[in-house]
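Structure assessment
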Number of protein chains: 2
Amino acid sequence: MQPQRRTRAEMIEETRAKLVAAARIAFASQGFAHTSMDDFTAAAGLTRGALYHHFGNKEGLLLAVIEQIEAEVGDHLQAVSDAAPSPWEGFRRRCRTYLELALEPEIRRIILQDARAIFGDVPQAAQSVGIAALQTSLDGLIAEGVVAPLHTNVTARMIYGAVTEASFWIAEPEGDQEARLEQALEGLERLLGGLLIH
Amino acid sequence: MQPQRRTRAEMIEETRAKLVAAARIAFASQGFAHTSMDDFTAAAGLTRGALYHHFGNKEGLLLAVIEQIEAEVGDHLQAVSDAAPSPWEGFRRRCRTYLELALEPEIRRIILQDARAIFGDVPQAAQSVGIAALQTSLDGLIAEGVVAPLHTNVTARMIYGAVTEASFWIAEPEGDQEARLEQALEGLERLLGGLLIH
DNA sequence: TAATTGACATACATTTCGTACGTCAATTAA
DNA sequence: TTAATTGACGTACGAAATGTATGTCAATTA
């Protein structure tokens, strides 16, 4: 029988989860570089000892946070894409949704700014879910004859890059974000139009 | 008459230039975060005292380095664009050249990774020369009726983002970089094709 | 019940940033 | 020509923050 409440593995998992959650909040609000490990480990009721034991160093923890966020984003995008009436429409909605997601400060700060600075690209391990899924979509569209054949790997990346860059512009504080989002979608529509078989 | 060799202002400018040059090398090779200010100031034959006097802090120095690089890149791109036989061709060559420039480790590391992490976007002050010039090109192409009207600001940014993201992929160490560059250019051609009046 | 593993805390050494202050040469004014 | 002042730059110090080494205690296993 198990000791009263939880098994040991469960408590360990809970510790890891608490650290990741606390780090996620801290990284998102202050940025990776300006976040002290003492601060948010204390906020989680732990010390840096636990952190180094589980994640090795500060970057290891950032990696865990990135993987968690990427998983959530991936699930969200997949759901949006699956709900669309056609593959091409699913592709468009996926791009649009990613654009909206990238407006969340947490994602911009952690994934688009800090992750790239620390790991160069979004790490291959958690190869950006956004890119991978875009590529899959493109492959399907080519198979169906909607999109003319091309190198889906680079193309997916370029679309990802375009959307990412646009999000920084849309997210600028002054002015009308909603209007900028619409303008970005128009521009994106035009660029994507170049992929279609005319 | 001036004291023998150089005036005071010249020596000051030389000091600034030495610091920027040393920092540029250090940032490019080790990254901003892992660069110790003591190390490269010593390499320049100076101390951190000079650095703080001229640039305020580490980020101020990074800003100066960014501005220097952006100016060089801008000049280079302008020359390439001007030499093209037609505006549309100039636009294409500009994109291509930027893609090639982004393959240089110095530019990827400092401009595409660290600058974004520290300043959010490439700082508005030195509003990315690449983006601004792309927008100007687009405006011209629309005026000539080559490109259908659109929001050139976002679109220029998205193209910049696409190219930037592609460069990370092309620059991956393993495999054939040249082949990837060609694939990226093909994909870029397709995306840009969506802008043309058909 | 004894032994061992490992999750986590604590204490310490090291590095690095930023600031305060000092110095000395170059410019300027008398 | 000389005295005064400015400012470029070095030096010394304090404050953090990271990583490591070590210790403890509970939970598993034999």
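Calculation notes
Residues numbered from 1 in each chain as written. Chains lettered and ligands numbered in written order. Predicted model: local features only at pLDDT ≥ 70, side-chain atom pairs only at ≥ 80, totals over all residues. Heavy atoms only, no water. Helix = DSSP H or I, 4+ residues; strand = E, 2+ residues; numbered from the N terminus. Buried < 20%, exposed > 50% of the residue type's maximum accessible area, 1.4 Å probe, protein only. Contact = heavy atoms within 4.5 Å. Areas by Shrake-Rupley, 256 points an atom, 1.4 Å probe, with all protein chains shown as cover. Lys, Arg positive; Asp, Glu negative; His and termini not counted. Charge placed at Lys NZ, Arg CZ, Asp CG, Glu CD. Buried area = accessible area lost by both parts, 1.4 Å probe. Salt bridge = Lys/Arg side-chain N within 4 Å of Asp/Glu carboxyl O. Nonpolar A, V, L, I, M, F, W, Y, C, P; charged D, E, K, R; others polar. Expected span 1.5 Å × (residues − 1). Axes fitted to C-alpha atoms, helices over the stretch in contact; angles between N-to-C directions. Left-handed = near helix turned anticlockwise from the far one by under 90°. Domains from an automatic or database assignment. Polar contact = N/O pair within 3.5 Å; in protein donor to acceptor, adjacent residues only side chain to side chain.

Attention shifts here to the overall build of chain A. A tally of helices and strands in chain A yields 9 helices and 0 strands. Beginning at the N terminus, the succession of helices and strands in chain A can be written as α-α-α-α-α-α-α-α-α. Projected onto its principal axes, the C-alpha coordinates of chain A cover approximately 65 × 50 × 25 Å. When burial is assessed residue by residue, chain A has 52% of its 198 residues classed as buried. Taking as baseline every contact in chain A between residues at least 6 positions apart, the subset at least 24 positions apart corresponds to 66%. Carbon and sulfur atoms make up 53% of the accessible area of chain A, which amounts to about 9200 Å² in all. Across chain A, the mean location of the 18 positive side-chain charges is 5 Å away from that of the 27 negative side-chain charges.

Okay, the environment of Leu150 of chain B next. Residues and elements named next belong to chain B. With respect to the element layout, Leu150 can be found in the loop between α7 (129-143) and α8 (152-170). On the basis of relative accessibility, which here comes to 18%, the residue Leu150 falls in the buried class. Sequence separation between Leu150 and Tyr160 is 10 residues, and the spatial gap between their C-alpha atoms is 16 Å.

The next point concerns the interface of chain A and chain B. Many structure descriptions define interface size as the accessible area lost when the parts assemble. Listed per partner, the contact involves 40 residues of chain A and 40 residues of chain B. Overall, the association of chain A and chain B removes approximately 3400 Å² of surface from exposure, summing both partners, and the carbon and sulfur fraction of that is 59%. When the buried area of chain A at its contact with chain B is split by residue, Met158, Glu165 and Arg190 of chain A rank highest and sum to 22% of it. Viewed at the interface, chain B and chain A are joined by 6 salt bridges. For Arg157 of chain B, the salt bridge is made with Glu165 of chain A, and the minimal N-O distance between the two is 3.9 Å. The set of elements that each furnish at least two residues to the side of chain A that touches chain B consists of α6 (105-119), α8 (152-170) and α9 (177-193) of chain A. Residue classes in the side of chain A that touches chain B are distributed as 18 nonpolar, 12 polar and 10 charged.

Before going further, it helps to spend a moment on helix α5 (residues 87-101) of chain B. The periodicity of an α-helix, 3.6 residues per turn, causes residues three or four places apart in sequence to face the same way. Residues and elements named next belong to chain B. Between its first and last C-alpha, α5 extends 21 Å over 15 residues, near the 21 Å set by a 1.5 Å rise per residue. Residues Trp88, Glu89, Gly90, Phe91, Arg94, Cys95, Thr97, Tyr98, Leu99 and Leu101 constitute the buried set of α5. Against the buried residues of α5 lie α4 (58-82), α6 (105-119), α7, α8 and α9 (177-193).

The next subject is the packing of helix α4 (residues 58-82) of chain A against helix α5 (residues 87-101) of chain A. All names here are of chain A. The contact between α4 and α5 brings their axes to 8 Å, and the two run at 145°. The two elements α4 and α5 meet at a crossing, and its hand is right-handed. Packed against α4, whose contacting residues are Val73, His76, Leu77, Gln78, Val80 and Ser81, the element α5 presents Gly90, Arg93, Arg94, Thr97, Tyr98 and Leu101 at the interface. Of the residues in the contact of α4 with α5, the class split is 5 nonpolar, 5 polar and 2 charged.

Residues and elements named next belong to chain A. Once the domains are mapped, chain A shows domain 1 (1-56) and domain 2 (67-193). Between domain 1 and domain 2, the contact holds 6 residues from the first and 8 residues from the second. Summed over the three residues of domain 1 that lose the most area to domain 2, namely Arg24, Ala28 and Phe32, the buried surface amounts to 73% of that side. Summed over the shared surface of domain 1 and domain 2, the result is 2 salt bridges. Linking domain 1 with domain 2 are 4 residue pairs in polar contact (both at pLDDT 80 or more), by the criterion used here. Within the side of domain 1 that touches domain 2, the residues separate by chemical class into 4 nonpolar, 1 polar and 1 charged.

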